[in-house]
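# Survey of secondary and tertiary structure
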Amino acid sequence: METKGFINRLLKRNEIYLLFVIIGLSIMLSIVNPNFLTLENLFDILRSYSFMGILAVGVLVVLLSGGIDISFTANATVAQYVMAYLLVNHLKMNIFLAILIPCVIGVALGGINASLIYFLNAPPIIITISTLNVYFGVLQFVSGGKWLYNFPVWFRNFPKVSVIHLVNPEGIPYGLSILTIIWIVIVVCTFFILRYTTLGRKIYAMGGNTEAAKRSGLNVFQIQMFVYCFMGLLAGVASIIQALLAQTVAPNAIMGRELEVIAAVVLGGASLAGGSGSLVGTLLGVSLIATITNGLTLMRVSSYWQNVFIGLIIIISVSITALQRKAVARRVTAVDVEE
Amino acid sequence: MWKSEKYKIKNWFRNNRELATLPFVLVVVFALMSGLAPSRFLKGSNFQSMAIQLPEVGLFALAMMITLLTGGINLSVITTANLSGIIGALILKTYCTPTDTGTITVLIMVLAIVASLAVSLVLGLINGFLIAHVGVSAILATLGTMTLYDGLGIAITKGYVISDFPKCFLYIGTGTVLGVPVALLVFIVSAYLMSLILARKPFGLSTYMIGSNERATEFSGVNVKGVLMKTYLLSGFLSGIASIIMTSRFNSANAGYGSSYLLVTVLIAVLGGVDPFGGFGKVSGLVMALVILQFISSGLNLLGVTAFVTISLWGTILIMVMGLNNYLEKRRFRTIKKGFSG
C-alpha cells in the first residue's frame, strides 16, 4: 500500500515523464553507439553543459518569482567581454579579479533590470527585451565586434583541472571537470536558498500570487532585486565558464541562446506564470537537451538534419507532458462529479 | 453638449493610452531625425527605401501580434517564413531561368506563391494543433516548431542560398505602383484587413477574450480551440506573405534569413501597446511603433551610426514609453482620488 501510494504520487509529477523520455532516449542511443553510456561521455556532457546549466538555475529562480528575464545572455556577454578585455590587456589580472569582475557586472546589470521593472511598474518581459537590446547594442558599439583571444596561461589551464581522475581503455585520462563542480555547488546553494530560507519561500509566495504576497507585507522590491541580481550573478559566473571552455570571446557568442535556456527550464516543469517549478525538473530539462544534442553527434546524424530531430524531440516531449497533465485534470474533474 | 464632447475625448485618451502617447513619440522622432539630417532624411529616396524595408518586419510583427492577443506567442514566425520561402524558391528555380518572361513564367510564379502560402498555412496549422488540441503552452510548442522548421529548411537547402529568380517575381519586393512600393501596398492591405477582423468580426472579439481569460471565454460558449487554430493559421499565413516579399526583395531564399527580427517583432508589438499577456492591443498602435522604429533606424543609418546603436536606442525608447505610460497611469489615479476627496 505504502509503495503504491508513493508510485502514484511519483506518477503525478511532471518530472517523472521527462525522466522516462531521457531514459528511453539513452537506451536507444546506447544501442546505436555504446560510447554514449560511458562515464567519460557523461563527464564530457556535464562539462560542456555547465554553462547552460548554471544559466538555467538562474532562469528558474526568476520564473519562480513570477518574472522572466530575456536579457541574461546580453548580461553575460557584457560581463564576459569586460573580463576578457582586462585579461588580454592588463597582465596584473589575477584569478580573483577574473572571477569578481564579471560577477559584479552581472549583479549590477541585474539590479538595473529589477529597478526598471519595479519603478516603471512594467512587465518584466518588456523591460528585459529592452535591456537585452541596450546592453548588447552598447557592447557591440564600444567593442566594435572585435574577438578577444590569447589569454594568460593560467586561464588556459584552469578548465583542464578535474577532480576524479580516471583513464579510459585507450589510455587517455579523463575526470570530473572543475567547471561541473562549480555548477553542482551553485545548484546545491540554490536548493538551500529556495528550500530553507525565508527569502526562498517568499520567492515562491510572490510567484504564486503577487497581490497576496504584497498584502501580507512582503517587500516585493527586495525580492525582485534579489531574484534579478541572482540571475545576473549566475550570468556572470556562466560567462566565465563559457570563456574558459571556448578560450575566445566574441561579443555575439552567447547571444540568441536565451530561448534555448528558458525552454530547458520550462521543459523541466517550471511555470511561466510563476510559483511552481523545481531544481530537479530544471536539471532534467537541461539533461534532455544535452542528451539529444550529444546523442545526435554520437549517432553521426548529418549536421543538416540535427535541428529537425531536436525540434521533433522537443515537440514530442512537451506534447507528452501536456497530454499527461490533461489526463490528470480529467481524473480530478471526474472525482469532483462523483462526490 | 460641448462638455460631453470634451468628456468623450478625455475618455478616449484614457482608454487608448498608447494611441495617445505614440503619435507624440512619432512626431518627436520625426522632428529629431529631420533636424539631425535634414538634407538626407527628408528626401524622397529615403522615404522610398524606408517604404521598401518596412513591410517585411511589419508583416512579421502582425503575425506575432495576433498570437500575443490570445495570450500566446509565436516564436516560429521567422522560420515559418524561411521554410515557405524556400519551397516557393525551389519551384521557381526548377521551372524558370532568371531571364524567362511571358505567360508561363507568370503562371509558375503564381504557383510558387500559392505553394509558399500553402506551406505557411500547414506550418501554422501544426502550431495551432499543438497549442489548441494537444494543450502545449504556446512558447514551448512554437519553440519546438521554430527549431523543426529551421531544421527542415537547412535539410532541404543543405545550408545553401537559392537565388536568381525571374524578373516578374522580383517586382513584388522591389517594384512600385504609381511610386508606391508593391510590398508597402501588400502590408497596408494586410494591416487594414487585420484591423477590420479584430474590430468587427466575432473571431477578433474572441481572440481578445481568450487573451483576457481563456477559462471564462470557454464557459461563455466560445469555441476556444477553433479560435486558437484560426489564430495560428492566420499567423502562419502572414509569415507566408512576408516570406514572398522577403524572397523577392533579396532575390534569394535561405534558412537563416531574418533571424534577428524575432525579438524585434515582439518589441514592435509591445511598443505599439499590445499586452504581452494577451487581451489588449490594436493594429494602429503597432503600425505607429513600426514607423517610429523605421524612422530611427533609417535616420541613424543616414547619419552613419552603426546598427548596434540603433538596437540599443530601440530598447531605450521602449523603456521610456513604459515610463511615460506609468507616469500617466499614476497621474490618472491621483486625479480620481482627488475627485473622491473633493
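Now for a description of the structure that goes with this document. (Residues numbered from 1 in each chain as written. Chains lettered and ligands numbered in written order. Predicted model: local features only at pLDDT ≥ 70, side-chain atom pairs only at ≥ 80, totals over all residues.)

## Points about the overall build of chain A
The secondary structure content of chain A amounts to 15 helices and two strands. Taken over the C-alpha trace, chain A has a radius of gyration of 21 Å; the compact-globule value for 339 residues is 20 Å, and the two agree within 12%. On the principal axes, the C-alpha backbone points of chain A span a range of 75 × 60 × 35 Å. Looking at chain A as a whole, 43% of its 339 residues are labelled buried. Contacts spanning at least 24 positions in sequence make up 74% of the contacts within chain A whose residues lie at least 6 apart. (Helix = DSSP H or I, 4+ residues; strand = E, 2+ residues; numbered from the N terminus. Rg over C-alpha atoms; globule rule 2.2 N^0.38 Å. Buried ≥ 20, exposed ≤ 12 C-beta atoms within 10 Å, placed from the backbone. Contact = placed C-beta atoms within 7 Å.)

## Some details on the interface of chain B and chain A
In this complex, chain B contributes 40 residues to the contact, which on the side of chain A involves 38 residues. Looking at the side of chain B that touches chain A, the elements that each hand over two or more residues are helix H6 (103–134), helix H7 (138–157), helix H13 (261–271) and helix H15 (307–341) of chain B. Element by element, the count of residues in the side of chain B that touches chain A is highest for H7(B), at 13 residues. A class-by-class count of the residues in the side of chain B that touches chain A yields 25 nonpolar, 13 polar and two charged. (Nonpolar A, V, L, I, M, F, W, Y, C, P; charged D, E, K, R; others polar.)

## Quick look at helix H10 (residues 202–212) of chain B
Every buried residue belonging to H10(B) is among Ser206(B), Thr207(B), Met209(B), Ile210(B) and Gly211(B), and all of these are buried. For H10(B), the secondary structure elements touched by its buried residues are helix H4 (44–69), helix H11 (214–219) and helix H12 (224–250) of chain B.

## Overview of the pairing of strand E1 (residues 162–167) of chain A
All names here are of chain A. For E1, the buried fraction is low: zero of the six residues fall into the buried class. Bridge count between E1 and strand E2 (residues 173–177): four bridges; the pairing is antiparallel. By the bridge assignment for E2, Leu166 is matched with Tyr174. A loop of five residues connects E1 with E2, the two strands running antiparallel in sequence, and Gly171 in this loop sits at a positive phi of about 90°. (Pairing = 2+ DSSP bridges.)

## What to know about the packing of helix H13 (residues 258–267) of chain A against H7(B)
Any two packed helices are characterised by how steeply their axes cross, that is the angle between the axes, and by the distance between the axes. Between H13(A) and H7(B), whose axes approach to 10 Å, the crossing angle comes to 125°. Between H13(A) and H7(B), the angle falls in the class oblique. With respect to the hand of their crossing, H13(A) and H7(B) are arranged in left-handed fashion. Of the residues in H7(B), those in contact with Leu259(A), Ala263(A), Val266(A) and Leu267(A) of H13(A) are Ile139(B), Leu140(B) and Leu143(B). Taken together, the residues that form the contact of H13(A) with H7(B) break down as seven nonpolar, no polar and no charged. (Axes fitted to C-alpha atoms, helices over the stretch in contact; angles between N-to-C directions. Parallel < 35°, antiparallel > 145°, perpendicular 65-115°, else oblique. Left-handed = near helix turned anticlockwise from the far one by under 90°.)

## Section: helix H14 (residues 283–302) of chain B
Residues and elements named next belong to chain B. Taking 1.5 Å as the rise per residue, H14 with 20 residues should run 28 Å; its terminal C-alpha atoms sit 28 Å apart, in good agreement. Taking burial as the measure, the 20 residues of H14 include 14 buried ones, the bulk of the element. Gly304 sits one or two positions beyond H14 and adopts a positive phi of about 80°. (Expected span 1.5 Å × (residues − 1).)

## Some details on the packing of helix H6 (residues 95–119) of chain A against helix H7 (residues 124–143) of chain A
Residues and elements named next belong to chain A. Look at H6 against H7: their axes get within 10 Å of each other, and the N-to-C directions meet at 140°. The angle between H6 and H7 places the two elements in the oblique class. Here H6 and H7 pass one another in a crossing that is right-handed. Residues Leu109, Ile112, Asn113, Leu116 and Ile117 of H6 form the contact with H7, whose own contacting residues are Pro124, Ile127, Thr128, Thr131 and Tyr135. Its residues placed into classes, the contact of H6 with H7 shows seven nonpolar, three polar and no charged.

## Remarks on unusual backbone geometry
The phi angle of most residues is negative, glycine excepted, and most peptide bonds adopt the trans form. In this model, Asn150(A) sits at a positive phi of 65°, which is unusual for a non-glycine residue. Relative to the assigned elements, Asn150(A) resides in the loop between H7 and helix H8 (153–157).

## Looking at the nonpolar core
Counting residues in each nonpolar core, the largest one holds 190 residues, and the members touching the most others are Ile268(B) and Leu286(B). Among the elements that line this core, the one with the most residues is helix H12 (residues 220–246) of chain A, at 15 residues. Contacts of Leu286(B), omitting those with residues within four sequence positions, involve Ala61(B), Leu62(B), Met65(B), Ile268(B), Ala269(B), Gly272(B) and Val274(B). (Core = buried A, V, L, I, M, F, W, Y, C linked by C-beta atoms within 7 Å.)

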